[in-house]
Amino acid sequence: MPSPQEQKTSSEASGTHEKKLKPCCACPETKRVRDTCIIENGEENCGKLIEAHKACMRAAGFNV
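The shown structure was predicted, so the numbers you read here are calculated from the model rather than taken from an experiment.

Draft legend 1. Examining the state of the cysteines more closely. The full count for this structure, using the stated rule, is two disulfides. A sulfur-sulfur distance of 2.0 Å marks the disulfide that ties Cys 27 to Cys 56. Disulfide Cys 27-Cys 56: the torsion about the S-S bond is -95°, which places it as left-handed. Highlighted residues: Cys 27 in the loop between helix 1 (4–13) and helix 2 (28–41) and Cys 56 in helix 3 (residues 47–59), separated in sequence by 29 residues. On the accessibility criterion, Cys 27 (8% relative accessible area) is buried. For Cys 56, a relative accessible area of 26% puts it in the partly exposed group. There is no disulfide at Cys 25, and the cysteine sulfur nearest it, in Cys 24, is 3.4 Å away.

And the structure:
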């Protein structure tokens, strides 16, 4: 029986292992601008940036 490391390596080598993107790591550009705006101006004044980030997240496959 192969070790867990061998199993991981063989599945990655065969291309069957797909690394899933985490929500925290998706769309860093829109996230950074959105967060800066919220900190400096308040959430109520950053609607366009919030919506742009949501659109990016949807495009990345997340249900927002």
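Draft legend 2. Examining the pattern of salt bridges more closely. Under the defined criterion, the tally for this structure stands at two salt bridges. Two residues, Arg 34 and Asp 35, come together in a salt bridge whose shortest N-O distance is 2.6 Å. What makes Arg 34 buried here is its relative accessible area of 18%. Close ionic contact of Lys 54 with Glu 51 constitutes a salt bridge, the shortest N to O distance being 3.5 Å. Pair noted here: Lys 54 and Glu 51 are both in helix 3, with a separation of three residues, about one helical turn. Exposure remark for Lys 54: the relative accessible area of 29% places this residue in the partly exposed category.

Procedures and definitions
- Residues numbered from 1 in each chain as written.
- Predicted model: local features only at pLDDT ≥ 70, side-chain atom pairs only at ≥ 80, totals over all residues.
- Heavy atoms only, no water.
- Disulfide = S-S within 2.5 Å.
- Helix = DSSP H or I, 4+ residues; strand = E, 2+ residues; numbered from the N terminus.
- Buried < 20%, exposed > 50% of the residue type's maximum accessible area, 1.4 Å probe, protein only.
- Salt bridge = Lys/Arg side-chain N within 4 Å of Asp/Glu carboxyl O.

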